[in-house]
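Residue strings, one per chain:
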Amino acid sequence: MDKKLKEKIEKKFAFSMGLNQYREIERLIFEIGKRQNKPPAEVISSLKTKKGFEGKNIFFALKNTLLRYRFPLTYDRPGFKKENVFLSQVKKPLNDNWKVSGKFKPVKIFLEKETENSYLITNLKKKFSGSETRRIPSLKKHQQGNNFRIAELKKPEIFITNEIEDFIKPCPCTKHHLRCGYWIFNLGFGCPFDCSYCFLQQYTNSAGIVLPANLERFFDSFNHLEKKLKKPIRIGTGEFSDSLALDDITEYSLQLIPYFREKKVFFEFKTKSNNIQNILKSKPSPNIIISWSLNPQTIIAGQEKGTASLNQRLNAASKAQKAGFRVGFHFDPIIYYSGWEKEYRALTEKLYQRLRPPFAWISLGTLRCNRALKSIAEQRFPQSNIFYGELLLGKDKKLRYPLFLRKKIYAKILKWIGKFDQKTPIYLCMEDNQIWKTCKTLNAPANLLHPKACQTKLTKMPPF
Ligand code: SF4
């Protein structure tokens, strides 16, 4: 607790606060300061004292004033509810946080004994001959014996594992929101990149990147699932890792493409890299999709550490498309900030200048996160301001922009896309029925799909 700050507030407003009250006020002042680029003391000085309030009422009057500054677009709207404002204790930045810089180079390679003779170990030893290699009984036991701290998340370590379960699963989406029927091919966990909004930060109990060496078990598992499938599905590796960031090392794509080419699925590699050498060595197939997450360069530079620039991503996409691959794009997470409109419009124009539609699909999704992630990101990315936007708790208890703002964002982006492209199927990621219905009534491209229709329509595209 910052005692001086507390005293300053209490003196200025002539009341005394309990600990919980102070935490809420401190959080609001901190976030207003972040938004306005002012230190907390300056935020307090800029506030006017109001007459006629006493005791507890001073706290509520002050809190309301601060909420109005904190949520200038939303506070006076009818749907604004104070209980949807997330006011946690302010977290200090970590002073020993591992940072991502330059090309990924593991300092340690841990291997489960069954993987010793795998091609992955041979590749790693060849590429990183200076890295220490250590045998472990199992990843699980190794994790149990290590007290993981979030500051170590990006420690450059690799775990080569022999997976025995959880090969494939349906995407869980989020409560009370519309599912698009996507499946996760769970090949690896962790990422050499470091995005401030990455949900893996609150989803992990170990540093480093897990790379399974036994792809054959994954393929066996898919063969088993395939027998039960009544229609084609969409499936991909980009949920718990970036599909291609380490593909020069793992060479997964060289095995995944020939395998899935023969299957009745749409297999997606989702990436923020330009690591497509192995893709270009492979024979394209209409059911193999290479997709890129896109954001304006301002967001890439500030929030997506270690990833390829926007130009690099579009160049890679163009090369893949010219080589005969179908490409897709994800505007996700779309971030609302001063200048967002100009930059996302320029991004859309650039995409269509550089690539030829129709694409396999485009998804749109605005920034969302759960409460734990915001606290972690605050400690790991103190320079980032994205979580101090107008984010409120939704039905699923995740922080997201309010409905009117999401509607405005989607309406604009759909309009910009519609100027160039009426054919690419577009869907909204992790959205509710209300927003989908609203978007449908806007001047949206004809091909905006209801998330439930993704299951049927996206999987009816050629070749199936
Ligand atoms: S690229 Fe994806 S998996 Fe990697 S850090 Fe960014 S959001 Fe997370």
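See the structure printed just above.
Residues numbered from 1 in each chain as written. Predicted model: local features only at pLDDT ≥ 70, side-chain atom pairs only at ≥ 80, totals over all residues. Heavy atoms only, no water.

**Digging into unusual backbone geometry**
The amide bond that connects aspartate 332 to the next residue, proline 333, takes the cis arrangement and shows omega of 0°. Tracing the chain through its elements places proline 333 in strand E12 (residues 326-334). Backbone torsion omega between proline 357 and proline 358 reads 0°, so that peptide bond is classified as cis. In this structure, proline 358 sits in the loop between helix H13 (340-354) and strand E13 (362-366). With a phi close to 55°, asparagine 37 is a non-glycine residue in the positive phi region. Here aspartate 166, not a glycine, exhibits a phi torsion of approximately 55°, which is positive. (Helix = DSSP H or I, 4+ residues; strand = E, 2+ residues; numbered from the N terminus.)

**Concerning the sheet that holds strand E9 (residues 265-271)**
The strand order across the open sheet formed by eight strands is E4-E5-E8-E9-E10-E12-E13-E17, and the pairing between neighbours is mixed. Each end of this open sheet is capped by a strand with a single partner; those strands are strand E4 (168-170) and strand E17 (426-428). Sheet twist, expressed as the mean angle between neighbouring strand axes with direction ignored, is 25°. In terms of strand pairing, strand E8 (residues 233-236) meets E9 through four bridges, oriented parallel. Each bridged residue has a counterpart across the sheet, and for glycine 236 the counterpart in E9 is glutamate 268. Against the sheet, helix H12 (residues 310-322) contacts strand E10 (288-294) and E12, and its axis sits at roughly 165° relative to E10. The strands touched by H13 within the sheet are E10, E12 and E13, with E12 carrying the most contacts at an inclination of about 175°. (Pairing = 2+ DSSP bridges. Axes fitted to C-alpha atoms, helices over the stretch in contact; angles between N-to-C directions. Contact = heavy atoms within 4.5 Å.)

**A look at the site of the ligand**
Looking at the ligand, the residues that line it are Cys191, Phe193, Asp194, Cys195, Cys198, Leu200 and Lys272. Considering only residue class, the shell around the ligand consists of five nonpolar, no polar and two charged. (Near = heavy atom within 4 Å. Nonpolar A, V, L, I, M, F, W, Y, C, P; charged D, E, K, R; others polar.)

**Side note on the pairing of E12**
Within E12, eight of the nine residues are buried, leaving the element largely enclosed by the surrounding structure. As paired elements, E10 and E12 share six bridges and run parallel to each other. For leucine 294, the partnering residue across the bridge sits in E12 and is phenylalanine 331. Between E12 and its parallel partner E13, the chain crosses via H13, and the hand of that crossover is right-handed. (Buried < 20%, exposed > 50% of the residue type's maximum accessible area, 1.4 Å probe, protein only. Right-handed = clockwise from strand over helix to strand, strands pointing away.)

**Considering the side chain of glutamate 10**
Looking at where glutamate 10 falls in the secondary structure, it is placed in helix H1 (residues 3-13). Within the structure, glutamate 10 has its side chain in polar contact with the backbone nitrogen of methionine 17 (distance 2.7 Å). Excluding residues that lie within four positions of it along the chain, glutamate 10 makes contacts with Phe15, Ser16 and Met17. (Polar contact = N/O pair within 3.5 Å; in protein donor to acceptor, adjacent residues only side chain to side chain.)

**Examining the pairing of E13**
Burial analysis of E13 places five of its five residues in the buried class, which makes it a mostly covered element. In E13, alternate side chains face the same way, and those of Ile362, Leu364 and Thr366 on one face and Ser363 and Gly365 on the other are all buried. Strand direction decides the pairing type here: E12 and E13, joined by four bridges, are parallel. The residue of E13 that forms the bridge with phenylalanine 331 is leucine 364.

**A short note on the environment of threonine 366**
Mapped onto the elements, threonine 366 comes out in strand E13. Relative accessible area serves as the criterion here: at 2%, threonine 366 is assigned to the buried category. With 40 residues separating them in the primary sequence, threonine 366 and arginine 406 have C-alpha atoms 7.0 Å apart. When residues no more than four places from it in sequence are discounted, the contact partners of threonine 366 are Pro333, Ile334, Tyr401, Arg406, Ile409, Tyr410 and Glu431.

**Section: the environment of asparagine 370**
In this fold, asparagine 370 is placed in strand E14 (residues 368-370). Residues asparagine 370 and aspartate 396, 26 residues apart in the sequence, show an inter-C-alpha distance of 8.9 Å. In contact with asparagine 370, not counting residues within four places along its chain, are Gln202 and Lys398. Only 3.3 Å separates the side chain of asparagine 370 from the side chain of glutamine 202, close enough to count as a polar contact.

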